[in-house]
Amino acid sequence: MCSIGHALDCNLPRVIMDSSTSVCKMSEEEDFEQNLSLNYGNPPELSITIPELSDLSQMEAPWESVKIPTDVLLVTAKDCEFLSCYAFLRNGCRSYNRGLGIVYFGDMGDVKDKVNVSLLRCSEGAAGPGAALSKVKTAIPILQPKALFCVGFCGGLSYEKVKLGDVVISAKLTTYAHKKVMNDREQHRGIITPVSRDFADLIRHAADGWKAPLANPEENSKIEVHRDAEILSGPELVNSEWRREELLERYREAIAIEMEGEGVFAAAHDLKMEWVVIKGISDYADGSKSKTQAWRPFASVMAASVVDNILKVPGLLKDWQHYKGVFNHKQEGVSKLGVLLIVSAIVVLLLAIALGYSFSLTNLKQNKPTDEFHKDEAKVDSSADPAIPLHKDEAKGSRTPNEDPLTTLLTSITGGSPGQVNFKGRTIAYRAHGRVHSFDEPWVYDVTAWDIESRIKVKVKHYKESEEAIQDAVKEVIKKLEAQGILQD
């Protein structure tokens, strides 16, 4: 007999009705009828107890006291998925955040090398309000995890490749619902994406030392962990034999189908977060879901136990980075010294502002005339452009230059005090200031210059040297004055 698995291996298109294809199709129909008539029965007895909602911890913790950043974020949709993960959570407590709602906190993995875990529920599916995409995008910046797991139950696509209760891990996740619809055909435009980088190595060993939490240890060998699975993810709750066959025809390597992974992947991709989908097989998406409901909590427990087994590896997440924002992930190669320099520059800038304020107070106390647009040490170099002479003797409110090295340093960083130049009887004032720009160009200068009488103003940006910025800004003001006929050659 040629079963559905063999039909796919034979790679025979369904539109070709030769004798071998007919035999294969008859076999598929027989398999389907056999599965519909089959009494799936109850799953094996578990060695752990799945808690009821009423059993959940009543220990409340203020949000300010919970451990953030967390190490791992577990995302579930259905109650049985959430409760199955909660069964493996130690020292559980719950807290409330307005953006996330109720979040449960605890630890999993090895007792001596515990992993801090956050557990939350989302709505079913990927894209709806409160569903996986929006929930994960909200949760990651708040909880700042190192890794993201989507855990629960799913439907199997192949009668031969997976059994009820098996666990599938998304070595590849395929979004199947996206398509371009034309007059004569449809062009499917789904995305096939491998699991994130660090998880790709980790999931190869997901079943190492794993034993299914079953009351009868002899049944452990019946439950399999598929570590190289292709999982389909989309908006459909598939419970139809014809749709299952249609998807299998198009995605011949896929062995499972679920609804939340697409949203988890999209959010994690945008936020540069490590992610994986781990789910247990609870049905075959063939119209028999009503006969297999007892397998949903069982499949969810199997998936949660695999997650717990992964987290038992000593020092597993030690070198993984907590989420610190997309910008930080883009700059993974930036050294701590570079960050320190940026912080130091900001501190120096604040000191410079304070110092400038101190100078202003001193001038006021001494009853000296001050003018924020005048100083005796203008930064424009007259030798750089003979057309812009400096008349230092005309500066008002001048003060004795301070030769203190700290003051000189602060002045060079901030761009100096406001100043002025005289050109053909016009007084052009300017003000320069420094700012943090990027890791490649940590500090740059912007200058605003204006003609005091006409108020014609120009601003130039992004200069490495304040003197060069001042020179160009003054030149631009002069050009505007000439263009408007205010200055004559």
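Look above for the structure.
All values derive from a computational prediction rather than experimental measurement. (Residues numbered from 1 in each chain as written. Predicted model: local features only at pLDDT ≥ 70, side-chain atom pairs only at ≥ 80, totals over all residues. Heavy atoms only, no water.)

## Side note on the sheet that holds strand E15 (residues 443-451)
- One open sheet holds the 4 strands; their spatial order is E13-E14-E15-E16, and the pairing between them is antiparallel. Lying at the two open borders of the sheet, with one neighbouring strand each, are strand E13 (419-423) and strand E16 (457-463). This sheet shows a mean twist of 20° between the axes of neighbouring strands, independent of strand direction.
- Direction of pairing for E15 relative to E16: antiparallel, over a ladder of 5 bridges. When the bridges of E16 are listed, Val447 appears paired with Val460.
- Its contacts with the sheet put helix H12 (residues 466-483) on E13, strand E14 (426-436), E15 and E16, and the angle it makes with E15 is roughly 30°. (Pairing = 2+ DSSP bridges. Helix = DSSP H or I, 4+ residues; strand = E, 2+ residues; numbered from the N terminus. Axes fitted to C-alpha atoms, helices over the stretch in contact; angles between N-to-C directions. Contact = heavy atoms within 4.5 Å.)

## Quick notes on the nonpolar core
- Among the nonpolar cores identified, the biggest contains 87 residues, and Leu74, Leu148, Phe149, Ile278 and Met302 are the most heavily contacted of them.
- When residues in this core are grouped by element, the largest group, 9 residues, is from helix H8 (residues 295-310).
- Not counting residues within four places of it along the chain, the set of residues in contact with Phe149 comprises Val72, Leu73, Leu74, Val75, Phe199, Val276, Ile278, Val307, Ile310 and Leu311.
- Ile428, Val447, Ile456 and Val460 belong to the second largest nonpolar core, which has 19 residues in total. (Core = buried A, V, L, I, M, F, W, Y, C linked by side-chain atoms within 4.5 Å. Buried < 20%, exposed > 50% of the residue type's maximum accessible area, 1.4 Å probe, protein only.)

## A short note on the pattern of salt bridges
- If you walk through the whole model with that rule in mind, you get 23 salt bridges.
- The partner of Glu246 in a salt bridge is Arg243, with the nearest N and O atoms 2.4 Å apart. Linking Glu246 with Arg243, this pair stays in helix H6 (residues 241-250), spanning 3 residues, or about one helical turn.
- The class of Glu246 is partly exposed, set by a relative accessible area of 32%.
- One continuous salt-bridge network, built from bridges that share partners, spans Glu236, Arg243 and Glu246. (Salt bridge = Lys/Arg side-chain N within 4 Å of Asp/Glu carboxyl O.)

## Considering a positive patch on the surface
- A surface patch of positive charge is lined by Arg455, Lys457, Lys459 and Lys461.
- Mapped onto the elements of the fold, Lys461 is located in strand E16. (Patch = residues over 30% accessible without salt bridge, like charges linked within 9 Å, V, L, I, M, F, W, Y side chains within 5 Å. Areas by Shrake-Rupley, 256 points an atom, 1.4 Å probe, with all protein chains shown as cover. Lys, Arg positive; Asp, Glu negative; His and termini not counted. Charge placed at Lys NZ, Arg CZ, Asp CG, Glu CD.)

## Side note on the side chain of Ser240
- Here Ser240 lies in the loop between strand E10 (225-233) and H6.
- Sequence-distant contacts of Ser240, defined by excluding residues within four places in its chain, comprise Ala285, Asp286 and Gly287.

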